[in-house]
Every structure is written in structure tokens, then in C-alpha cells.
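Structural characterization, general
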Amino acid sequence: MKVLMLNGSPHEKGCTYTALAEVAGELNQAGIETEIMHVGGGTVHGCMGCGACGKLGKCIYSDDKVNEAVEKMRQSDGLIVGSPVHYASAGGAITSFLDRFFYSGSSAAAHKPGAAVASARRAGTTATWNQVNKYFGLMQMPIITSRYWNMVHGTNPDEVKQDLEGMQVMQILGNNM
């Protein structure tokens with residue numbers, strides 16, 4: 001089994017990565033392979049709604065990681081999406097990425113379990129978590145939760161690690177996935 005994890009933060013090894021790595025540790029202990037794919041570090045095109053992906057089987061834009069992620073999703077059994085909070089919602093790059101990922105690769109993700117992870121300094125995590133979960137609902141993906149909302153708080157990875165409740169939520173999320 002394999003779980004693909006999308007890191008939507010512009011910071012490859014930042015707070016969002018720290019949360020995803022905690023989940024990955026639990027999955028790996030259970031014998032489940034994980035891959036954390038950093039997708040938030042470059043320019044990501046927004047979806048134009050052109051519908052060409054329906055004919056081509058992939059998005060027309062090939063200069064970012066959307067098509068690569070869809071192919072990795074075809075080989076995966078589950079998906080976890082990590083997003084930082086920017087202005088009380090999911091970051092712009094991950095939002096554009098997910099719009100195209102799910103529009104062009106819906107068959108790769110449909111019916112596979114999915115989980116959202118939100119990372120913030122203080123506020124906006126529940127709105128971000130809700131926003132990302134809506135993609136899973138549209139794809140008929142069972143949404144995996146923890147015993148609390150899947151979120152961590154901190155301004156840097158060390159502060160996230162000090163969020164003991166948030167890290168425990170990530171561990172339980174890994175076990176539930």
C-alpha cells in the first residue's frame with residue numbers, strides 16, 4: 001500500500017511538511033509506503049476550464065507538477081493534502097494545484113481515502129481543512145479524520161513540534177489512514 005502526500009506549502013521543509021512527516025512516520029510504522037511530494041514551491045497555473053484534459057487524459061499545462069502527481073496518484077491507495085493557511089484559507093498555489101489535479105485526474109483519486117492537513121500560526125485552519133475536504137467529497141473519497149481537526153500550529157517547524165496536541169492529532173491521523 002502507498003499513500004501520496006502533497007505538500008502545498010511554498011516552504012519545502014516548513015511547518016506543513018513537519019505535520020505531514022509526522023503522519024508519514026505512523027504510516028511507515030504500519031508498513032505503508034509514503035511519498036511527500038512538494039508541489040507548492042513553484043508557479044502553478046489555475047484551471048481554465050477548457051476541458052482538454054477530458055480528451056487528452058491529462059492537463060494541457062505541463063510545466064508544473066500536476067500531471068506528475070496525477071500519475072503518482074494512480075499508483076497510490078490514498079491521498080493526504082497538506083496546506084498552509086494564507087489569509088484564512090488554503091494557500092493559492094495548492095488551491096490552483098488541486099483544482100487541476102482533481103479536474104484532470106478525477107479517476108486517479110476517486111473512491112480512495114483522503115485527508116486534509118492544515119498548518120497555521122494561529123487562525124484559519126478550520127476553513128482551510130474544510131476547503132480541502134470538499135475536493136475529497138466531490139471525488140467520493142472517504143475522508144479520514146483524527147480525534148480532532150487535522151491541524152498544527154506554529155510559525156516554524158520547531159514550534160509545530162512543540163504543538164503536542166497537533167502532533168498527536170497527526171499520529172492518530174496516520175493510524176486512522
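Just so it is clear, the structure is predicted and the values come from calculations on it, not from any experiment.

Moving on to the pairing of strand S2 (residues 33-38). Across six bridges, the pairing between strand S1 (residues 2-7) and S2 is parallel. When the sheet's bridge partners are listed, Met-5 is paired in S2 with Ile-36. The parallel pair S1 and S2 is bridged by helix H1 (residues 15-29), and the resulting crossover is right-handed.

With that settled, the discussion passes to helix H3 (residues 66-74). Burial in H3 covers these residues: Val-66, Asn-67, Ala-69, Val-70 and Met-73. The arc that holds every buried residue of H3, seen down its axis, measures 160°, which confines them to one face. Its buried side turned inward, H3 meets S1, S2, strand S3 (78-86), helix H4 (92-104) and helix H5 (106-109).

Here the focus is the packing of H1 against helix H8 (residues 164-176). A packed helix pair is summarised by two numbers, namely the angle formed by the two axes and the spacing between the axes. Across the interface, H1 lies against H8 with an axial gap of 7 Å and an inter-helix angle of 40°. Between H1 and H8, the crossing angle belongs to the class labelled oblique. Crossing of H1 against H8: the hand is right-handed. Contact residues: H1 offers Thr-18, Ala-19, Glu-22, Val-23, Glu-26 and Leu-27, while H8 offers Met-167, Met-170, Gln-171, Leu-173, Gly-174 and Asn-175. Of the residues belonging to the contact of H1 with H8, the class tally is six nonpolar, four polar and two charged.

What counts, and at which threshold
- Residues numbered from 1 in each chain as written.
- Predicted model: local features only at pLDDT ≥ 70, side-chain atom pairs only at ≥ 80, totals over all residues.
- Heavy atoms only, no water.
- Pairing = 2+ DSSP bridges.
- Helix = DSSP H or I, 4+ residues; strand = E, 2+ residues; numbered from the N terminus.
- Right-handed = clockwise from strand over helix to strand, strands pointing away.
- Buried < 20%, exposed > 50% of the residue type's maximum accessible area, 1.4 Å probe, protein only.
- Arc of directions from axis to C-beta.
- Contact = heavy atoms within 4.5 Å.
- Axes fitted to C-alpha atoms, helices over the stretch in contact; angles between N-to-C directions.
- Parallel < 35°, antiparallel > 145°, perpendicular 65-115°, else oblique.
- Left-handed = near helix turned anticlockwise from the far one by under 90°.
- Nonpolar A, V, L, I, M, F, W, Y, C, P; charged D, E, K, R; others polar.

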